[in-house]
Amino acid sequence: MITVKDKTFVPFLEPTTLNARITELAYELNHDYHDKTPLFIVVLKGAFLFAAELFKHVTIPCEITFVRLASYQSMESSGRIKQIIGLEEPIEGRHVVIVEDIVDTGLTMAQLVRQLKEKGAESVEVATLLHKPEAMREPVVTRYVGFEIENRFVVGFGLDYDEQGRNLDAVYILAD
Ligand code: IMP
């Protein structure tokens, strides 16, 4: 059991389990993108450890870049729009793979995919370490999923609880 700020978490995914599955995802990507020189877009902050482990095993020619997503209120009915910060690479005609920590409601990812397609990407796929299918509110195709998990709050391996816990080397789940 560990405590992050005021909450207690229990071990959920051990480092060896995480790393074995992430290696498998890298092999899948090596196979699927061997002739495409993909552009990997890592979404900070949460995906930094997932990305670090993944790219140790991605051996194909590729480019890797990092973005952050900032929320701002939109006047449109769609509500909160996420702005992509730090994307300097031209996207047009590229095969893009988004590297994300977790797809929860899917709202963030659906918007990001849409924006990258609008910028002219040839293809956009999502590689996420974790996915909570029960929480999905907006359908988004997640082609590369490390682990499907139940709809409970998790922390560690990049994921935070109120900005803490990102440095834990395993994923922990909120204790009942
Ligand atoms: P979505 O738009 O609801 O899919 O939210 C995705 C973002 O919410 C992720 O990139 C995380 O930053 C955050 N998030 C969702 N679930 C969790 C969780 O269980 N732990 C930590 N962060 C989470």
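Look a little higher up for the structure.
The rules we used
- Residues numbered from 1 in each chain as written.
- Predicted model: local features only at pLDDT ≥ 70, side-chain atom pairs only at ≥ 80, totals over all residues.
- Heavy atoms only, no water.
- Near = heavy atom within 4 Å.
- Polar contact = N/O pair within 3.5 Å; in protein donor to acceptor, adjacent residues only side chain to side chain.
- Areas by Shrake-Rupley, 256 points an atom, 1.4 Å probe, with all protein chains shown as cover.
- 1 Å grid on protein atoms, 1.4 Å probe; cavity = no way out; pocket = protein on both sides within 12 Å on 5 of 7 lines; lining within 4 Å.
- Sits in = over half its atoms within 2 Å of the grid points.
- Helix = DSSP H or I, 4+ residues; strand = E, 2+ residues; numbered from the N terminus.
- Patch = residues over 30% accessible without salt bridge, like charges linked within 9 Å, V, L, I, M, F, W, Y side chains within 5 Å.
- Salt bridge = Lys/Arg side-chain N within 4 Å of Asp/Glu carboxyl O.
- Buried < 20%, exposed > 50% of the residue type's maximum accessible area, 1.4 Å probe, protein only.
- Phe/Tyr/Trp six-rings, centres within 6.5 Å; stacked < 30°, edge-to-face > 60°.
- Lys NZ or Arg CZ within 6 Å of the ring centre and 35° of its normal.

What exactly am I supposed to notice about the site of the ligand here?
Looking at the ligand, there are 15 residues lining it, with D104, T105, T108, K132 and V154 nearest. Here an oxygen atom of the ligand and a side-chain polar atom of D101 are 3.0 Å apart. A distance of 2.4 Å separates an oxygen atom of the ligand from a polar atom in the side chain of T108. Here the ligand, which alone exposes 490 Å², has 79% of that area covered by the protein. Under a 2 Å grid-point criterion requiring more than half of the atoms, the pocket assigned to the ligand is the largest pocket. Those elements that provide at least two residues to the shell around the ligand are strand 6 (95-103) and helix 3 (107-118).

Sorry if this is basic, but what is going on with a nonpolar patch on the surface here?
On the surface, a nonpolar cluster with roughly 320 Å² of combined accessible area is contributed by L44, F48, I64 and F66. Relative to the assigned elements, L44 resides in strand 3 (residues 39-44). On the basis of relative accessibility, which here comes to 31%, the residue L44 falls in the partly exposed class.

Before we go on, may I ask you to explain the packing of aromatic side chains in this structure?
Summed over all chains, the structure comprises four aromatic pairs. When the centroid spacing of 5.0 Å and the interplanar angle of 65° are considered together, the rings of F40 and F55 count as edge-to-face. Taken together, the positions of F40 in strand 3 and F55 in helix 2 (residues 48-55) put the pair 15 residues apart, joining distant regions of the chain. On the basis of relative accessible area, F55 is assigned to the buried category, the value being 17%. For the ring pair F153 and Y161, a centre distance of 6.1 Å and an interplane angle of 80° mean the geometry is edge-to-face. Counting every residue linked through ring pairs, the aromatic cluster contains F9, F153 and Y161. Directly above the aromatic system of Y33 lies the positively charged group of K36, at a separation of 5.8 Å from the ring centroid.

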